[in-house]
Amino acid sequence: MSEPGHKWQRRRQAFRRHIENEVCLFPASVFDPLSARIAEDIGFEAGMFAGSQAALAILGAPDYVLITLTEFAEQAHRISRASELPLMVDADHGYGNPLSVARTVEELEAAGVAGLSIEDTVLPEPHSSSGQPRIAALEEGLARVKAAVSARRDPDLVIAGRTSAASLTDLDDAIARVQAYEAAGADLLFLIGLKSRVDLERVASATSAPLMLGGVPVEMRDAEYLASQRVRLCLYGHQTMPASVAAIEATMRAIRLGTPVAELAGLADKPTMDRLTRRAEYDAMRKQFL
C-alpha cells in the first residue's frame, strides 16, 4: 500500500491538470466519506467541501463560522482518505490572521486536500455588523494569500484567492483584488457573485490565471461558454446535504408512523451499500487477517 502522501500528490497533480485544461468542471458538493464515494463512483472529476456544509455536517449549525480549523481539517481528512476524488475545500478566511492562514494551509495539506481557497471576507461576523458581510482591506486579503502560498510544501497543492467583492463592493474592486492575488502566487482566482457575462468577460480579460466561480446566475452556467472565459471550476450549489436531510426525515417520519420496513421508499439497496462501503475490500482483509 502506498504512503498517504503519495496518494495526495497524485490527486493534486490530477486536480492541477483539470484546472489547466480548457474545460469547465462542476465539482460535486460533498460533506462526508460516503458522499465523496458517491461522487467518485458517478464520475465527478473533483469534490467541493464548503464551509457551509462543514458547519452542517460537524455541528448541525448554520454557516456562522463556528467550527474550528481542527474540526474542519479532520473532516476533510476523513473525506480525502475514503476515496480517490480530488478535494477542493473552502478554508474561509484561514481561521484568523495571516499567521493562522499559514497554519490552516499546513493542516489541510496534511489532511490530503487537492486545493483550498482563502477569502477576503471579514470573518467571523463582528459585533454590530447587523448581519451584513464585510470585506477586508485589500492589504489584508493580499497578506492572507501570500501567507497561504508561502506555507505550501507540496507545489501541486492548488491555492485559490477568493473574493466576494463583486457583490459586496463593486466589480472594479473585485478585479483589483484578484489581480493582486494572482501576482502573489494564487493558482486559481475564485470569485463569488458575478452577475453577468459582461462581468465575467471583464474579469477574464484583466487576469490570466484559471478562474473559479460561485453564486452565478443560472443563465451563466454554460460549460462551453465558461471554459472560453478561462473558468475551470463553477459551483453548481450545495444541494446534496438538503437532499440527504429530506430523505432521512422522510424515512424517520415513515418509521415513526409505523410504516413496515418493506414498504419504506427511497432506500439504497444492499449492492449499493456494499459498493459505497467498499465491502469487498474489507471482506478480503477479513479473510486474510481474521
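Notes on the structure in this doc start here. (Residues numbered from 1 in each chain as written. Predicted model: local features only at pLDDT ≥ 70, side-chain atom pairs only at ≥ 80, totals over all residues. Heavy atoms only, no water.)

## As for unusual backbone geometry
- Here L123 and P124 are connected by a cis peptide whose omega angle stands at -10 degrees.
- For P124, the position within the fold is in the loop between β4 (115-119) and α6 (138-151).
- Unusually for a residue other than glycine, V65 sits at a positive phi of about 55 degrees.
- Note that V65 resides in the loop between α3 (51-59) and α4 (69-82).
- For D92, which is not glycine, the phi torsion reads 50 degrees and is therefore positive.
- Structurally, D92 is set in the loop between β3 (87-90) and α5 (98-110).
- On the accessibility criterion, D92 (6% relative accessible area) is buried. (Helix = DSSP H or I, 4+ residues; strand = E, 2+ residues; numbered from the N terminus. Buried < 20%, exposed > 50% of the residue type's maximum accessible area, 1.4 Å probe, protein only.)

## Focus: the side chain of R152
- The residue R152 is located in the loop between α6 and β5 (158-163) in this model.
- The contact partners of R152, leaving out residues within four places of it in the chain, are R16, V105, E109, L157, I159, G185 and D187. (Contact = heavy atoms within 4.5 Å.)

## Quick look at the environment of L235
- In this structure, L235 sits in the loop between β8 (231-234) and α11 (240-256).
- Apart from the residues within four sequence positions on either side, L235 is in contact with P27, M48, F190, M212, L213 and G214.

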